[in-house]
Amino acid sequence: MSDNDGKKPLGLGGSRPANVKQSFSHGRTKNVVVETKRKRVVVPKPGAAKPAVSSGSPAGGDPSKRPAGISDVELERRMKALALAKAREAEDAAKREAEEKERAAEREERRADAEAKEREEREREEALKAKAEEEERKKREAEAAAQAAAAPAAVVDPDAAAVRGPTRSAPQAAPRKNESDREQRNTRNKGGDDGRRSGKLTLNQALSGGEGGRQRSMAAMKRKQERARQKAMGQNVEREKVVRDVKLPEAIVVSELANRMAERVSDVVKSLMNNGIMATQNQSIDADTAELIIEEFGHTVVRVSDSDVEDVITKIEEDPKDLKDRPPVITIMGHVDHGKTSLLDAIRDAKVVAGEAGGITQHIGAYQVTTNSGQVLSFLDTPGHAAFTSMRSRGAHVTDIVVLVVAADDAVMPQTIEAINHAKAAKVPMIVAINKIDKPAANPDKVRTDLLQHEVIVEKMSGEVQDVEVSAITGQGLDELLESIALQAEILELKANPDRAAQGAVIEAQLDVGRGPVATVLVQNGTLRQGDIFVVGEQYGKVRALINDKGERVKEAGPSVPVEVLGLNGTPEAGDVLNVTETEAQAREIAEYREKAAKEKRAAAGAATTLEQLMANAKADENVSELPILVKADVQGSAEAIVQAMEKIGNDEVRVRVLHSGVGAITETDIGLAEASGAPVFGFNVRANASARNTANQKGVEIRYYSVIYDLVDDVKAAASGLLSAEIREKFIGYATIKEVFKVTGIGKVAGCLVTEGVARRSAGVRLLRDDVVIHEGTLKTLKRFKDEVPEVQSGQECGMAFENYDDIRPDDVIEIFEREEIERSL
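Residues numbered from 1 in each chain as written. Predicted model: local features only at pLDDT ≥ 70, side-chain atom pairs only at ≥ 80, totals over all residues. Heavy atoms only, no water.

Quick look at the packing of helix H17 (residues 668-677) against helix H18 (residues 690-699) now. Direction vectors running N to C along H17 and H18 enclose 20°, while the axes themselves pass 8 Å from each other. Here H17 is positioned roughly parallel relative to H18, judged by the angle of their axes. The crossing of H17 and H18 is right-handed. Residues Glu668, Ile671 and Glu675 of H17 lie in contact with H18, whose contacting residues are Ser691, Ala692, Thr695, Ala696 and Lys699. (Axes fitted to C-alpha atoms, helices over the stretch in contact; angles between N-to-C directions. Helix = DSSP H or I, 4+ residues; strand = E, 2+ residues; numbered from the N terminus. Parallel < 35°, antiparallel > 145°, perpendicular 65-115°, else oblique. Left-handed = near helix turned anticlockwise from the far one by under 90°. Contact = heavy atoms within 4.5 Å.)

This is the structure in structure tokens:
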């Protein structure tokens, strides 16, 4: 039986058949027919031309040969794309070829320059060597001639002949020696050239680090040749010792000491070991030990103190020629219920582009307004009286003009008096804005009369203080207020030098989730630019980005311009002064010195120096009850104001102790500290993350959230005094996540939500959280399940929510649903 059983084998048309014999085990074999298909090569006819794609005729030629389903337009588009790709490929190839030619020419030029320099150096050395040998030969000939003249002429002296013999042979021996030296030098130089510049650098050489390891640089070769030339000329090769003035602080790291002396670290460590001190390059040594080492190396010691590091940011005497006009800085102060925020919003809405409601302006705390006359005014929304006082105590006099807001229907209140005292202490001019003039009960004359009791005499009472009647609701008097501010600024003649290193004050600071520590800085002098290195309080950094009051990135900020600064290594305090330094090392040194000084000051304030003081403190604290608390706030100014308010609460029997205050969301670390101390955690406009909430529930740590500082202070007062009445406690009944936002006619924006925890009720209060920070608090306008209005929605179900008088909602925001209830509490 054959392999194919009489059947005709399969074959390929136009192929060449061949037989292959396969061998198997047990002596079995099999013949296989293998056919090789020849590749068809299409050769164009000599007279045929390439088909051109014209716009008039359909592209593609014969319609029967085009791919199925391809229209004329599609085929023409593909042919055009193909032609463009080919043209682009040809252009890239031509560009690469031109670049390669340029590189080859540059390499050739560099090689020729190196060879020319090497040749000149060689010729100069040979000329110097030949000149030296010629002088030596002449010297020997003169000595030989003097000896020959001294001998008697009649007597043939064999010693003289012996002297003359070597004298004549010396000029012949010198060229032979010169020739051998030249050959050795040429061989050495040639080898050095091959090792230094061996033609083109291949990919293998680059990846393997070159042939023979690291190559010597051209500068190293020149130094070697210079040393060889000096040695050949008989000069001293030893370098002269450079004596340096080494600045020595109270403590210094070994590596930094070696760097300041310009010595090797290993030599400094060896010297320390010889003196019996075992220290590595990263360890610190005291000033006396370092002084011994510096003197041993032959340098001069210059002792400096730690406080000298701040000398680089001392005040610069300004030249009056460099001073230019700057916008005034205005702070609006007043009682909390007298419409300060409404007045700020009215000025912003009237003079700033619409659409910023609840946006950057409130976030940055400062913005600029241009009056009708074209003058620019910088307004500050300071976080309150406490923060303003702390700024003044640190010497950050950022305010030029104070606008005192007094309600026409309420007259002067205690906090109005406090604001007047702050303005007088800061020695800044004041403008009185009598607000709420549109109310029926408004009595501006009573306000003017009440102000007389506090030595504030307005112009209507024949005084010097300007007063303007305004209404934040109707906009009455806003332009007059801005003109009064501009007039006061002209009287002050405010000037600054924009061409010096920047100096400014921190208005507010916070820890942003995505951007890190962010500081709102008001530039007071100079110009702050992107990339500047600065120190602010106990922190330092490099300006990574500058954001103005409109939310736009800018490259620089001049005097009286408020900007957000990104790039700090930590969160500074409100009121800290920002100074630009030349190097990052200076900024780091100043920040570390300030941090160390602050720690020592805190330790000294809390420590008892003698045993008697320790016993007295223990006896005094025996009858005092402490209420420990933890405070976390959204911005540094709020946290500082809360801590200062807590320090004022208490008497001889009870006091409040703030264990920790910080910026940002409440974390598990805060819960752990609160549990160990038995303290509650107060969150001001921040929330605890999920892990912190779970930990607090497990360990029984109480977390309280506040959005008004007065409520927080009142609660702590009530808890500390023990006179706890029924409080209104918020009970969180659910959380919902916004999945999508829809626009509905007649209602506005509606949030499509998924209830993730608890239940959502129509009657409950709601808060909108973005990155665990409160954005809005209010009530629901509507709560719908599908198309029906429902009273509540359970966990795991989807629903639609719309807020009352608020539309700034985004996907991934979290809605917090809560109810208020009255609960009796006790300490």
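Now that the structure is up, let's keep going.
With mixed pairing, the six strands of this open sheet are ordered in space as S9-S10-S8-S11-S12-S13. The open sheet has two edge strands with one neighbour each: strand S9 (366-370) and strand S13 (466-469). Pairwise comparison of adjacent strand axes, ignoring direction, gives a mean angle of 30° for this sheet. Where S9 and strand S10 (residues 376-380) come together, five bridges link them in antiparallel fashion. Each residue of the ladder has a partner; that of Val369, found in S10, is Leu377. Contacting strand S11 (401-407), strand S12 (430-435) and S13, helix H12 (residues 444-452) crosses the sheet at an angle of about 145° to S12. (Pairing = 2+ DSSP bridges.)

Now for helix H7 (residues 287-296). Listed in full, the buried residues belonging to H7 are Ala287, Thr289, Ala290, Ile293 and Ile294. For H7, the angular spread of the buried residues around the axis is 155°, confining them to a single face. Seen from the open side of H7, the exposed residues pointing more than 90 degrees away from its buried face are Asp288 and Leu292. On its buried side, H7 packs onto strand S3 (245-248), strand S4 (251-253), helix H5 (254-261), helix H6 (265-274), strand S5 (284-286) and strand S6 (300-303). The N-cap residue of H7 is Asp286: its side-chain oxygen and the backbone nitrogen of Asp288 are 3.2 Å apart. (Buried < 20%, exposed > 50% of the residue type's maximum accessible area, 1.4 Å probe, protein only. Arc of directions from axis to C-beta. Polar contact = N/O pair within 3.5 Å; in protein donor to acceptor, adjacent residues only side chain to side chain.)

Here we take up the side chain of Arg687. Within the secondary structure, Arg687 sits in the loop between strand S26 (681-684) and H18. On the basis of relative accessibility, which here comes to 3%, the residue Arg687 falls in the buried class. Look past the residues within four positions of Arg687 in its chain and what remains in contact with it is Ala665, Ile666, Tyr705, Arg767, Leu769, Asp772, Val774 and Glu816.

With that settled, the discussion passes to the pattern of salt bridges. Applying the stated criterion across every chain yields a total of 46 salt bridges. Linking Asp267 and Arg264 is a salt bridge whose minimum nitrogen-to-oxygen distance equals 3.5 Å. On the accessibility criterion, Asp267 (23% relative accessible area) is partly exposed. Among the charged side chains, a salt-bridge network with shared partners connects Arg687, Glu730, Arg767, Glu777, Glu816 and Arg820. (Salt bridge = Lys/Arg side-chain N within 4 Å of Asp/Glu carboxyl O.)

Taken together, Glu99, Glu102, Glu106, Glu109 and Asp113 make up a surface patch of like negative charges. Here Glu109 shows up in helix H1 (residues 72-150). (Patch = residues over 30% accessible without salt bridge, like charges linked within 9 Å, V, L, I, M, F, W, Y side chains within 5 Å. Areas by Shrake-Rupley, 256 points an atom, 1.4 Å probe, with all protein chains shown as cover. Lys, Arg positive; Asp, Glu negative; His and termini not counted. Charge placed at Lys NZ, Arg CZ, Asp CG, Glu CD.)

Quick look at the nonpolar core now. In this structure, Leu343, Ile347, Phe379, Val403, Leu481 and Ile485 are the most contacted members of the largest nonpolar core, which totals 23 residues. Those elements that place two or more of their residues in this core are strand S8 (329-334), helix H8 (340-351), S9, S10, S11, S12 and helix H13 (478-492). Sort the elements by how many residues they give to this core and H13 lands first, with five residues. Apart from the residues within four sequence positions on either side, Leu481 is in contact with Leu343, Ile347, Val403, Ile431, Ala433, Val468 and Val470. (Core = buried A, V, L, I, M, F, W, Y, C linked by side-chain atoms within 4.5 Å.)

The next thing to look at is the packing of aromatic side chains. Inspection of the entire model under this criterion finds two aromatic pairs. A ring pair is formed by Phe682 and Tyr706, whose centres lie 5.7 Å apart and whose planes are at 90°; its orientation type is edge-to-face. Of this pair, Phe682 sits in strand S26 while Tyr706 sits in strand S27 (residues 703-706), and the two are 24 residues apart along the sequence. A relative accessible area of 9% places Tyr706 in the buried class. On the basis of an interplanar angle of 65° and a centroid distance of 5.6 Å, the ring pair of Tyr705 and Phe732 is categorised as edge-to-face. Of this pair, Tyr705 sits in strand S27 while Phe732 sits in strand S28 (residues 727-744), and the two are 27 residues apart along the sequence. The class for Tyr705 is buried, based on a relative accessible area of 11%. Of note, Arg687 hangs over the ring of Tyr705, and the distance from its end group to the ring centre comes to 4.1 Å. If you follow Arg767 out to its NZ or CZ, it ends over the ring of Phe818, 4.3 Å from the centre. (Phe/Tyr/Trp six-rings, centres within 6.5 Å; stacked < 30°, edge-to-face > 60°. Lys NZ or Arg CZ within 6 Å of the ring centre and 35° of its normal.)

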